Amino acid sequence: MTDQSIPEPVTDAAGIGPDLWSDGNALGGPLAEVFAVDLTMANGQCAGCGRVGPLAQVRVFGGSHGLVARCPTCDAVLLRFVRSPGRCWLTVTGLRYLEVPGQSGSDIPPSSLG
Amino acid sequence: MARAAVLGRLSWLVADVVDIRDETATARTLVLKVAGWPGHLAGQHVDVRLTAPDGYVAERSYSIASAPDGELVELTVQFVSDGEVSSYLIGEARVGDQIELRGPIGGWFVWRPAQAEPVLMLAGGSGLVPLMSMIRSRTSGGSRAPFRLIYSAREPADALYTSELSGLAADAAAGVDVSWVWTRRAAGRPGGSTATCSSTRAGRRSSIRPRISADRPASWNSQRNC
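Keep in mind that what you see is a predicted model, and the values were worked out from it rather than measured.

1. Some remarks on the overall build of chain B
Broken down by element type, chain B carries four helices and eleven strands. Sorting the 226 residues of chain B into buried and exposed places 40% on the buried side. If you take every contact in chain B between residues at least 6 apart in sequence, the share linking residues at least 24 apart comes to 70%.

2. Observations concerning helix α2 (residues 84-91) of chain B
Residues spaced three or four apart along an α-helix point in a common direction, a consequence of the helix completing one turn every 3.6 residues. Residue and element names in this part refer to chain B. Every buried residue belonging to α2 is among Val85, Ser86 and Leu89, and all of these are buried. In an axial view of α2, the angular spread of the buried residues amounts to 95°, which keeps them on one side of the axis. Those residues of α2 that are buried lie in contact with β2 (27-34), β3 (45-51), β4 (57-63) and β5 (72-78).

3. Thoughts on the sheet that holds strand β2 (residues 43-46) of chain A
Residues and elements named next belong to chain A. The sheet built from three strands is open, its strands ordered β3-β2-β8 with antiparallel pairing. What marks the edges here is a single partner per strand, and that holds for β3 (52-54) and β8 (95-99). Strand after strand, the sheet turns through a mean of 25° between neighbouring axes, direction not considered. Here three bridges tie β2 to β3, and the two strands are oriented antiparallel to one another. Bridging from a neighbouring strand, Gly44 pairs with Gly53 of β3.

4. Topic: the domain arrangement of chain B
Residues and elements named next belong to chain B. According to the domain assignment, chain B contains domain 1 (2-105) and domain 2 (119-219). Facing 14 residues of domain 1, the contacting portion of domain 2 comprises 14 residues. Looking at the side of domain 1 that touches domain 2, the elements that each hand over two or more residues are β1 (13-24) and β5.

5. Let's talk about the sheet that holds strand β4 (residues 59-63) of chain A
Neighbouring strands of a sheet are bound in pairs by backbone hydrogen bonds; such pairs are parallel or else antiparallel. Strand order in the open sheet formed by five strands is β1-β4-β5-β6-β7 (chain A), and the pairing between neighbours is antiparallel. Here the strands that pair on one side only, and so sit at the sheet edges, are β1 (22-23) and β7 (87-91) of chain A.

6. Observations concerning the pairing of β5(B)
Residue and element names in this part refer to chain B. For β5, the tally of buried residues reaches five of seven residues, placing the bulk of the element in the interior. The pairing of β2 with β5 spans seven bridges and is classified as antiparallel. When the bridges of β5 are listed, Ala27 appears paired with Gln78.

7. Some details on helix α3 (residues 129-140) of chain B
Residue and element names in this part refer to chain B. Taking 1.5 Å per residue, twelve residues should reach 16 Å; α3 reaches 16 Å between its end C-alpha atoms and fits that length. Among the twelve residues of α3, ten are classified as buried, and the element is accordingly described as predominantly covered. Listed as buried for α3 are Val129, Pro130, Leu131, Met132, Ser133, Met134, Ile135, Arg136, Ser137 and Arg138. One or two steps after α3, the chain reaches Gly142, where phi turns positive at roughly 70°.

8. Focus: the confidence of the model for chain A
Residues and elements named next belong to chain A. Averaged over all residues, the pLDDT of chain A equals 79, while 72% of them reach at least 70. Taken element by element, the predicted model of chain A shows its lowest mean pLDDT in β4 (87) and its highest in β2 (98). Every residue in residues 1-18 is under pLDDT 50, and counting partners more than four places away or in other chains gives 46 contacts. The low-confidence segment residues 110-114, where pLDDT is below 50, has eleven contacts with residues more than four positions distant or belonging to other chains.

Cut-off values and rules
- Residues numbered from 1 in each chain as written.
- Chains lettered and ligands numbered in written order.
- Predicted model: local features only at pLDDT ≥ 70, side-chain atom pairs only at ≥ 80, totals over all residues.
- Helix = DSSP H or I, 4+ residues; strand = E, 2+ residues; numbered from the N terminus.
- Buried ≥ 20, exposed ≤ 12 C-beta atoms within 10 Å, placed from the backbone.
- Contact = placed C-beta atoms within 7 Å.
- Arc of directions from axis to C-beta.
- Pairing = 2+ DSSP bridges.
- Axes fitted to C-alpha atoms, helices over the stretch in contact; angles between N-to-C directions.
- Domains from an automatic or database assignment.
- Expected span 1.5 Å × (residues − 1).
- pLDDT = per-residue confidence, 0-100.

Rendered as structure tokens:
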């Protein structure tokens, strides 16, 4: 494999596509359309392999129309977020639970959820 | 979502492009003035939304590059081939344009000036951007926390913020140690070395991820993983 065959690495700041992923921080904005707390800091357990970790560390594939979050350990689908006109669909069957920090444990000052 | 807006959740804001700086041949920094910006923490990001005349919407996340500074927010955008948002921000956006963004987003990958422990930062390519916000926040916040940055890029011409980081690295009193690692060739800059293996670029999906560690900076060897 030559260096030229490897695409430029994509960071959590860049666009994401079918072969490239972003980290779970990319879920922050879309989930904030629905939830009032920052779920990227919530610990979730993968229903596939039992891994526990913050949503910020999962792998996110997709684009503006929808996102698929996969477990970084076993690649199972944890969460799907799909927009359609006037609504969004959230599927979380790949997560056994989400442990959501309360207001006192939240790392985000309330003012930043403006 | 109107209901979300009523509840005070994250909403879209209008940002004015007030300055643009070229960083490399394929990256540039947009300085945005965002009315109503609530401030941010180093490491947070924003979502940028572009809407075409036919209603088509494209949305991407970009890390914030700047330290908190009132209503000013800087985004450094790396051109991505076929990237519909990055190609607009790199090639089309002009001073005076307006774009929509929402944020700040994300509380997981943040650094505050009150954190005194040593910080080891590893970044490749544009993955440096959120770490640069932390380095700049360290300076603007008057922090003395020891920082060490290992920054990997293909070659010196691809490296971001070179003069700013070189200045920090050359100032022994600054307390910021910077090492550059080139994955394609060694050239030019003192302190840069060429990675002796491709462990940082091992496959399509093993992109270089930024990390923060409270490890002891002096014990870290930039060649150890090779």
